[in-house]
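Examining the three-dimensional arrangement
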Amino acid sequence: MYRELKLSGFKISRKKITPPNLRNKNAIRKTHQAAKRHLLQKNRPWILKNEKTLMQYFANGTEIVPENIYPELVIVDTQRKADLFRYASYLWSIPLSNGYGRRLRYLVMDKSNGKLIGLIGLTDPMIGLGVRDKWIGWNIDQKEKMLWHVMDAYTFGAIPPYSYLLGGKLVATLMTSNKIREDFRKKYSHGKSVILHKNYKKKGAELVLLTTTGAFGESSILDRLKNQENRALWAHIGFTEGWGFFHLNNGIATDMLEYLKAINDPVVSRHRFGQGSNWKMRVIRCGLKQLGMDYKKYAKHGVKRGFYIAPLAKNYKEFLNGETKKTHYYKQSIPELFAFFRKRYLLPRAERDTRWKKFNVETIRVSKCFA
């Protein structure tokens, strides 16, 4: 474990681990390289089996006409869509978590050519997150009652060549559209919170706030992203404290699980959602404890991420604090959002940066990493 962490750029002392220079994006990517290799090798048979079929959804530069681009949010509700989402996520430089609890996943498709622009993945937010709770003004009881009305974007982004056309900003813009909260209401208005074991049918499913973290600190995609009313869609409100176990996703966590299986540790069978906090985190904690190691030392990786919020309602704070039961939503249709984005961001970028024209889809074929 020490060797893997050092290869990822961490420094290890008796009391703590220290991350690399977080202002250097390449250094941060390096911390994820081992985990990315482990993920791809683990899924190699699936990638080789499905890649040929899925590659048809990725565009060459010659297949794109910027003036004709028109985005569509397609909810992932079939196996084929789930496969495309899964394969595209392997293109990210940072390995993708599957999320947990409630999930809404979207393929952002270009209606003009049927090609994939990008991905959106929403999931239950973390229960304990100081920067968010302080901003909203929550106490423990308020958070327990109202966290249901928040979702976290655990992944979003654009695929080349759309990424050259500020596709990441487009995806982040579309996350704030009416469609997201409408789909949330349809899916969860009769649902039950598995974590809190409470039925929210009477309360309804009002989604009033999205959150996300910038993997490289502050996010150039989210900063200064506005709509047609010149309102900022996303706001940076602080940084996370750098707790978690992403740096052990390079095979170390898998080895710990195998060890716990061998000694019949009960945590192995307690993997169903609702049987405690994040199962992987519990596995790692138990594994470190069995090895006589202080899990708190390794849980504090020190990689602080920029924390962002996207209010979907004007009075989201009042609603989340229980001061009102009425929501005053922003009206943000996809056509309206995209019309502004097209004029303000897309078409000017297409003229300034022409890398998209020469893009060859073969350059992103995931199986190339196995050669």
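Before reading further, recall that the structure is shown in the block above.
Residues numbered from 1 in each chain as written. Predicted model: local features only at pLDDT ≥ 70, side-chain atom pairs only at ≥ 80, totals over all residues. Heavy atoms only, no water.

**Focus: the sheet that holds strand β6 (residues 150-158)**
In a beta sheet, neighbouring strands pair by backbone hydrogen bonds and run either parallel or antiparallel. Taking strand neighbours across the sheet as the criterion, the seven strands line up as β3-β4-β5-β6-β9-β11-β10 in an open arrangement whose pairing is mixed. A single partner strand is all that each edge strand has here, and the edge strands are β3 (71-75) and β10 (235-239). Averaged over all adjacent pairs, the angle separating strand axes in this sheet is 30 degrees, with direction ignored. (Pairing = 2+ DSSP bridges. Helix = DSSP H or I, 4+ residues; strand = E, 2+ residues; numbered from the N terminus. Axes fitted to C-alpha atoms, helices over the stretch in contact; angles between N-to-C directions.)

**Things to note about the environment of L312**
Inspection of the secondary structure puts L312 in the loop between β11 (306-311) and α12 (316-320). Expressed as a C-alpha distance, the spacing of L312 and I180, which sit 132 residues apart in the sequence, is 9.7 Å. Excluding residues that lie within four positions of it along the chain, L312 makes contacts with T176, R181, L207, V208, L209, L210, Y329 and Y330. (Contact = heavy atoms within 4.5 Å.)

**Points about the side chain of D110**
Position of D110 relative to the elements: it lies in strand β4 (residues 103-110). If we ignore the near neighbours within four places in the chain, the residues touching D110 are N68, I69, Y70, K115, I117 and Y162.

**So, helix α8 (residues 178-188)**
Among the residues making up α8, those that are buried are N178, I180, R181, D183, F184 and Y188. Considering only its buried residues, α8 is in contact with β3, β4, β5 (115-123), β6 and α7 (167-174). (Buried < 20%, exposed > 50% of the residue type's maximum accessible area, 1.4 Å probe, protein only.)

**Things to note about the pattern of salt bridges**
As enumerated under the stated definition, the model contains 11 salt bridges in all. The partner of D133 in a salt bridge is K143, with the nearest N and O atoms 2.8 Å apart. Placement of D133 in helix α5 (residues 130-136) and of K143 in helix α6 (residues 140-146) is noted, with a sequence separation of 10 residues between them. Each member of the pair D133 and K143 is classed as buried. We note a salt bridge from D353 to R349, for which the minimum N-O separation is 3.6 Å. Here D353 and R349 have matching classes, each one buried. Within this structure, E51, E362 and R365 form a network of salt bridges that share partners. (Salt bridge = Lys/Arg side-chain N within 4 Å of Asp/Glu carboxyl O.)

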